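Breakdown of the fold
Given next are the chains, with one letter for each unit.
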Amino acid sequence: MKRRVIASILAAAMAFSLAACGNTASNTAAGATAEGEESVESAGSSVITDNFKNVDTNGTTITFWHSMGGVNGEAMDYLVNKFNEENEDGITVESVYQGEYDDTINKLKSAQIGNMGADLVQIYDLGTRFMIDSGWVIPMQDMIDADGYDISQIEPNVAAYYTTDDGTMYSMPFNSSTPLLYYNKDMFEAAGITEVPASLPEIAEIGDALMEKGGAQEVIAISIYGWYFEQFLCKQGLNMVDNGNGREAAATKVEFDENGGGLNILNAWYDLYEKGYAPNVGRSGSDTATTDFTSGKAAMMLASTASLKQVLEDSGGNFEVGTAYYPAVSPDDKGGVSIGGASLWALNNQDETKAAATWKFIKFLISPESQAYWNAQTGYFPIVTAAQEEQTFKDNIAKYPQFQTALDQLHDSTPESAGALLSVFPESRQIVETQIENMLNGNVTPEEAVDNMASEINKTIEEYNLVNG
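Everything numeric in this text was worked out from a predicted model, so none of it was measured.

1. Some words on the overall build of the protein
- Regarding its fold elements, the protein presents 20 helices and 10 strands.
- Here the protein holds 469 residues, and the buried ones make up 59% of them.
- Considering only contacts in the protein between residues 6 or more positions apart, those separated by 24 or more positions represent 80%.
- On the protein, roughly 17700 Å² of surface is accessible, and the fraction owed to carbon and sulfur atoms is 44%.

Pasting the structure below:
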């Protein structure tokens, strides 16, 4: 049955064009069940025994697949080499760059037909439900419990995304980020604006001042990005899908059409567009929003916390960059933000020795020293709180004080704002982005766009559940 399902998955996968952003996922997984039922295979791992903590790993080699290229890849290589040189457990990690996130998960799916290709794999946030349903992993909770690891060391609002409602943490957070509002402090000062807007309507209120007095050609550059739509739902404290936002069980339908959250977002977004404050700058992959902001054309933009260094570099010191919390849809909203990025998944190769070696490597990667280095090099959150006591972290926050906003926002959010888990997230994002684009181009009203989103995503969920039933 499992091989038949995997074959169906691969055939179906060829029919889809996956989103190209750093936060996308595959649409189907073996072991998933229809109507929101949990997969028996994903409930736990039989490979971890009571002797796990004492397993001799001397001479063990493990393979680690990741998707970090460029500067981030250099930082990853440094950490892997450091572990190989310094660990006293006789473990060797073979690190293999697999390309973009989509490439990694597609290669993983192909490998499942024969043998496991890796022991540890980095998977984007949107692949979380896929991996839970797959039956291919050792839940991280099994390793945590067997080793007696103190999970309170991990930032709770980061851990929450990878934890289901039964308290099982399935993967280890690694490169995590949230969206921020970036703003041009010089333009705000010239316009006489002393308070940064906290919601979309408040952005509209200061639009004229920024354009007439501040010298802005655009008030705010908002890329058409499904992640932003999801974040606006989190800010409203509303679910995207049913079954506890896909955390109690796999989702069977969306809820943003019924709870009003989707229409609230599109009405507020379209209002900014119609007033000339937020022009259509295209989808996130175009980088037009970032260019408009760093060139001094736009007074504000939405972007990831991990973009901070690049934004500061691209702006060239021509103006002072400020950061603020991601805006709410309404001034009355009380929700928070959800993380993006990726996490580390232990693959079940039915080998406890390799599992033990994998766990030791994971603990090294999330150690305070490693996380302080990772944060300084990449801009991602340090996922353990003790990293903030490391001198490397302190020096970095002194150099880039804007990053403190990201930490404050993370701490002011709640686990209830963790966001949805959805196996068809990449298709969902494509649908959301297409409908927002249609709305801005005048092809549909906000109401029609929400209805179209809901019907198309529900159809995709239904097909996923049918294939995996």
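Moving on, there is more to tell.
2. With respect to the pattern of salt bridges
- Under the defined criterion, the tally for this structure stands at 13 salt bridges.
- Taking the shortest distance from any N to any O, the salt bridge between D133 and R129 comes out at 3.1 Å. Taken together, the positions of D133 and R129, both in helix α4 (residues 128–134) and four residues apart, correspond to about one turn of that helix.
- Several salt bridges converge on common partners, so that one network encompasses K82, E86 and E369.

3. Brief notes about the side chain of Q402
- Note that Q402 resides in the loop between α17 (391–399) and α18 (403–412).
- In contact with Q402, other than residues within four places in its own chain, are L308, L312, V321 and T323.

4. Let's talk about helix α10 (residues 226–236)
- α10 sits mainly inside the fold: 11 of its 11 residues count as buried.
- Within the span of α10, buried status applies to G226, W227, Y228, F229, E230, Q231, F232, L233, C234, K235 and Q236.
- One or two positions beyond α10, positive phi appears at G237, with a value near 70°.

5. Focus on the packing of aromatic side chains
- Taken as a whole, this structure holds 21 aromatic pairs when the rule is applied.
- Both rings, one in Y228 and one in Y326, keep their centres 6.2 Å apart while their planes meet at 45°; by these two values the pair is tilted. With Y228 in helix α10 and Y326 in the loop between β9 (321–324) and β10 (340–347), this residue pair connects regions lying 98 residues apart in the sequence. With respect to class, Y228 is no different from Y326; both count as buried.
- Here R429 stacks its cationic end above the ring of F425, 5.9 Å away from the centre of that ring.

6. Side note on the packing of helix α16 (residues 368–378) against α17
- Where α16 contacts α17, the axes come no closer than 8 Å and their chain directions differ by 25°. Considering the angle they form, α16 stands roughly parallel to α17. The handedness of the crossing between α16 and α17 is left-handed. Between α16 and α17, the contacting residues are A372, Y373, N375 and A376 on the first element and T392, F393 and N396 on the second.
- Residues of the contact of α16 with α17, tallied by class, amount to four nonpolar, three polar and no charged.

7. Some thoughts on unusual backbone geometry
- At N245, a residue that is not glycine, the phi angle is positive and equals roughly 65°.
- Note that N245 resides in helix α11 (residues 242–246).
- Accessibility expressed as a relative area gives 8% for N245, which makes it buried.
- Phi at Q350 is positive, roughly 55°, even though this residue is not glycine.
- Within the element layout of this structure, Q350 appears in the loop between β10 and α15 (352–365).
- Since its relative accessible area comes to 55%, Q350 is described here as exposed.

8. Some thoughts on the packing of helix α19 (residues 425–440) against helix α20 (residues 446–467)
- At a minimum axis distance of 9 Å, the contact between α19 and α20 shows a crossing angle of 160°. Looking at the two axes, α19 sits roughly antiparallel to α20. Crossing geometry of α19 relative to α20 is assigned as right-handed. Counting all contacts with α19, which are made through E427, S428, I431, V432, Q435, I436 and M439, the residues of α20 involved are P446, A449, N452, M453, E456, I457 and T460.
- By residue class, the composition of the contact of α19 with α20 is eight nonpolar, four polar and two charged.

9. Quick word on the pairing of strand β1 (residues 60–66)
- Of all seven residues in β1, six are buried; the element is thus mostly enclosed.
- Pairing of β1 with strand β2 (residues 91–97) involves seven bridges; the strand directions are parallel. Its bridge partner lying in β2, H66 is registered against Y97.
- Regarding the hand of the β-α-β motif, the stretch spanning β1, helix α2 (residues 70–86) and β2 is right-handed.

Reading the values: rules and limits
Residues numbered from 1 in each chain as written. Predicted model: local features only at pLDDT ≥ 70, side-chain atom pairs only at ≥ 80, totals over all residues. Heavy atoms only, no water. Helix = DSSP H or I, 4+ residues; strand = E, 2+ residues; numbered from the N terminus. Buried < 20%, exposed > 50% of the residue type's maximum accessible area, 1.4 Å probe, protein only. Contact = heavy atoms within 4.5 Å. Areas by Shrake-Rupley, 256 points an atom, 1.4 Å probe, with all protein chains shown as cover. Salt bridge = Lys/Arg side-chain N within 4 Å of Asp/Glu carboxyl O. Phe/Tyr/Trp six-rings, centres within 6.5 Å; stacked < 30°, edge-to-face > 60°. Lys NZ or Arg CZ within 6 Å of the ring centre and 35° of its normal. Axes fitted to C-alpha atoms, helices over the stretch in contact; angles between N-to-C directions. Parallel < 35°, antiparallel > 145°, perpendicular 65-115°, else oblique. Left-handed = near helix turned anticlockwise from the far one by under 90°. Nonpolar A, V, L, I, M, F, W, Y, C, P; charged D, E, K, R; others polar. Pairing = 2+ DSSP bridges. Right-handed = clockwise from strand over helix to strand, strands pointing away.

Any functional reading would require information beyond the geometric quantities listed.
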